[in-house]
Amino acid sequence: MDDDELPKLLTTPMTDRNAQTLERLARRRLKRGGAAFVADLGIGLAQRHRSMPAHSDASAVFDDLFDSLVRLLAATRGPGHVDELLRLLAAGRPEDPEHDRFVASLLASCQVPADLAVVYEEGVAVSEELRACLLHELVLRGVPVAELPGIARWATSPHWRDHPLGALPLVLAEPEREPDLPAYSVDGSSCGFPCPDPEERHPAPRLGAAPVAAVETTTAATARAMTSAVANWAERPEEPEGRVEARTFAFAEPLEADTVPGALLALGLDCLTDLGDLPEPGTKTAFGVVPVEAAEVWQFLFAASSTGGAYDSACYGAYGRLHAWRSLAALAGAPPDAPASEVEARVRECTWYRFGADTPWFHRVVWDLGVLALSPDGRRLAVLAATTTD
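Residues numbered from 1 in each chain as written. Predicted model: local features only at pLDDT ≥ 70, side-chain atom pairs only at ≥ 80, totals over all residues. Heavy atoms only, no water.

A. Spatial organisation of the overall build of the protein chain. Regarding its fold elements, the protein chain presents 14 helices and eight strands. The long-range share in the protein chain, meaning contacts at least 24 apart out of those at least 6 apart in sequence, stands at 72%. Here the protein chain displays about 18000 Å² of accessible surface, and carbon together with sulfur accounts for 51% of that area. (Helix = DSSP H or I, 4+ residues; strand = E, 2+ residues; numbered from the N terminus. Contact = heavy atoms within 4.5 Å. Areas by Shrake-Rupley, 256 points an atom, 1.4 Å probe, with all protein chains shown as cover.)

B. A look at helix H3 (residues 35–49). In a regular helix each residue adds 1.5 Å, so 15 residues correspond to 21 Å; H3 covers 21 Å between its end C-alpha atoms and thus fits that length. Counting buried positions over the 15 residues of H3 gives 11, a clear majority of the element. Every buried residue of H3 is accounted for by Ala35, Phe37, Val38, Ala39, Leu41, Gly42, Ile43, Gly44, Leu45, Ala46 and His49. Contacts made by the buried residues of H3 are with helix H1 (6–9), helix H2 (16–31), helix H4 (57–75) and helix H5 (81–92). (Expected span 1.5 Å × (residues − 1). Buried < 20%, exposed > 50% of the residue type's maximum accessible area, 1.4 Å probe, protein only.)

C. A look at the side chain of arginine 131. The topology assignment puts arginine 131 in helix H7 (residues 128–140). In this structure the side chain of arginine 131 is engaged in a polar contact, spanning 3.0 Å, whose partner is the backbone oxygen of glutamate 121. Leaving out residues up to four positions away in the same chain, arginine 131 has contacts with Val119, Tyr120, Glu121, Val124, Val126 and Trp154. (Polar contact = N/O pair within 3.5 Å; in protein donor to acceptor, adjacent residues only side chain to side chain.)

D. Region of interest: the pairing of strand E7 (residues 368–374). Across the seven residues of E7, seven count as buried, placing the element largely inside the fold. With burial as the criterion, each face of E7 is covered, one bearing Asp368, Gly370, Leu372 and Leu374 and the other bearing Leu369, Val371 and Ala373. Here strand E6 (residues 351–357) pairs with E7 via four bridges, running antiparallel. Residue pairing across strands places threonine 351 opposite leucine 374, the latter belonging to E7. Bridging between E7 and strand E8 (residues 380–387) involves seven bridges; their strand directions are antiparallel. (Pairing = 2+ DSSP bridges.)

E. Quick look at a negative patch on the surface. Together, Asp16, Asp57, Asp63 and Asp64 line one region of the surface with negative charge. Considering each element in turn, the negative patch owes the most residues, three residues, to H4. Within the secondary structure, aspartate 64 sits in helix H4. The exposure class of aspartate 64 is exposed, given its relative accessible area of 53%. (Patch = residues over 30% accessible without salt bridge, like charges linked within 9 Å, V, L, I, M, F, W, Y side chains within 5 Å. Salt bridge = Lys/Arg side-chain N within 4 Å of Asp/Glu carboxyl O. Lys, Arg positive; Asp, Glu negative; His and termini not counted. Charge placed at Lys NZ, Arg CZ, Asp CG, Glu CD.)

F. Representation of the pattern of salt bridges within the structure. Scanning the model with the defined rule gives 14 salt bridges in all. Across the pair arginine 87 and glutamate 84 runs a salt bridge whose closest N-O atoms are separated by 2.7 Å. Of this pair, arginine 87 and glutamate 84 both sit in helix H5, separated by three residues, roughly a single helical turn.

G. Spotlight on the pairing of E8. Most of E8 is tucked away, with seven of its eight residues classed as buried. Looking at chain direction, strand E4 (residues 243–251) and E8 are connected through eight bridges and run antiparallel. When the bridges of E8 are listed, threonine 248 appears paired with alanine 382. Adjacent in sequence and paired antiparallel, E7 and E8 are bridged by five residues, among which glycine 378 carries a positive phi angle near 75°.

In short, the description is geometric, and any link to function would need to be established separately.
Structure representation (structure tokens):
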């Protein structure tokens, strides 16, 4: 089909069947070097879409087709693909932050970093949100963005430091070394989700001595920061089964490792209500606390935010990284405005635990989270529990 037939294609009625035909045509043309054709098709359809009644069937079909064309260009490597994608986005989705986050994840996963320099060229019609998100999607994949020609100038420029992502470091910190990141193709995506071995979820606790006296110190600001990574589990209408509990406590005496489980049980947490009687240590139990590395906590927090819960509420990699750091920093007791280096030091000094419980509060599925952060002096315990299900 010649390009001069494009005007005829743009008059095609927007039905599911016709949209499938146009998508198959776009795929064939892209294989023959037709990136510009794919962009022109999407741009022409976007111009027509503006005259469609809002929320009509035809409008919904266009949205799906447009997203398919975006994904086709973003997920397929080839000369000019990124350039044409930016041209298509400027015409069809000029201001759409959530879509920018998705596209940034797609590009970082599928394209060669050197081919992404065009995103940061002066004069290119692209949102700052897409640039910022793409930068940190690349950082998550271990790309040295501060060393890449074409990207380094924008990445190290102070002009975007007021952006929410601007305070994040341009290299991965120690807890971030193994993030679970999605793999994309034209037809779909896949991503892992960290999940403890079911046989090890609730190892029998050693309750130790009598619980140490504690005073709750939770503030609204601290709780909000601690729940940053799991806020989308409980605050969105598509997460009706989501629950989150975030609290901090000060102890009169330092907690030792063997007193942490008993202290936790004595705090009156909502997530541990109706736990029931515990069996003897060494037997299968409905409650358990195990020490973990900070990296394991970060991985779960990152996955919770970046991929979402049981429903489609993903924040994708860049904001998943931001939210995971905010939660980890608050758990470790770092000030809200602490630089990344200070947060990393605080995280390293704390002792971290995972806990689980078979109570009505939890759903006992992969999206159950229970983490503790004990301060270096053993007197501050931060608790974060979250759960959701489909």
